[in-house]
Amino acid sequence: MSEEMFPEPEWLSEEVKTGTTIIAVTFDGGVVLGSDSRVSAGEAVVNRVMNKLSPLHDKIYCALSGSAADAQTIAEIVNYQLDVHSIEVEDDPLVCSAATLVKNISYKYKEELSAHLIVAGWDRKKGGQVYATLSGLLTSQPFAIGGSGSFYINGFVDAEYRKNMTKRECQEFVVNALTLAMGRDGSSGGVAYVVTIDKDGAEEKCVLGNELPKFFDE
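For clarity, every value in this text was computed on a predicted model and none was experimentally measured.

Draft legend 1. Region of interest: the packing of aromatic side chains. This model, assessed by the stated rule, comprises 3 aromatic pairs. Residues F143 and Y161 carry aromatic rings whose centres are separated by 4.8 Å and whose planes lie at 50 degrees to one another, so their mutual orientation is tilted. Taken as a pair, F143 in strand 10 (residues 143–146) and Y161 in the loop between helix 5 (154–160) and helix 6 (167–184) lie far apart in primary sequence, 18 residues in all. Both residues of the pair, F143 and Y161, count as buried. Where F156 meets F173, the ring centres are 5.8 Å apart and the plane angle is 15 degrees; that geometry is what we call stacked. With F156 in helix 5 and F173 in helix 6, this pair connects stretches of sequence that are 17 residues apart.

The following block contains the structure:
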């Protein structure tokens, strides 16, 4: 009786849609990762300044998309496992090892978790590397993009990416891509977080909204 008089709102049974924009690009000597900072749940913005670039080790980071809680959990588990692994081998872990751990967890719990992580970093064997991981997939690429905002910048990234960019060129490329995605995708926005990784370590930077580049439609 009560259910007929007070039916459950439709939004309670709908899947909560999340959105973001993440990117990782190799350059001559390392990699640059970037992300927006908006966390959304449907049409609501629940966090405006979340850093979606999570460290897995000193020179290995991952970019998070999907469910924030799921993605952060995977990153924390892999961070712990890499710490133990580096102690055992008495050396820094390889980027491929970190990506494989992320891939294994994502595949094992693909029915329970909703997350897509891009793993990127620098190691002594192969230098700068970018790996895309999704439900058991593991592929090495010169660049990778993800999240709802990536649909708006596929053409830009394909057209503007060049091999062996300098560090500065790669950083500008990442910030431009994020700016364009945040301008079009309602689920992406806030500030741009950028991490640059090379043989000397990781450098984190936050680009505020008023410091982002301007494009013709703005």
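So that's the structure; there's more coming.
Draft legend 2. Summary view of the UniProt feature "active site" (unreviewed entry) in the protein. In the numbering adopted here, UniProt assigns the feature "active site" (unreviewed entry) to T20. Within the fold, T20 resides in the loop between helix 2 (10–13) and strand 1 (22–27). Given the relative accessible area of 4%, T20 is considered buried. If sequence neighbours within four positions are ignored, T20 has contacts with D36, K52, L64, S65, G146, G147, S148, G149, D185, S187 and S188. A polar contact of 2.8 Å, which involves the side chain of T20, links it to the side chain of D36.

Parameters and conventions
- Residues numbered from 1 in each chain as written.
- Predicted model: local features only at pLDDT ≥ 70, side-chain atom pairs only at ≥ 80, totals over all residues.
- Heavy atoms only, no water.
- Phe/Tyr/Trp six-rings, centres within 6.5 Å; stacked < 30°, edge-to-face > 60°.
- Helix = DSSP H or I, 4+ residues; strand = E, 2+ residues; numbered from the N terminus.
- Buried < 20%, exposed > 50% of the residue type's maximum accessible area, 1.4 Å probe, protein only.
- UniProt positions renumbered as here; feature names shortened; annotations may be inferred.
- Contact = heavy atoms within 4.5 Å.
- Polar contact = N/O pair within 3.5 Å; in protein donor to acceptor, adjacent residues only side chain to side chain.

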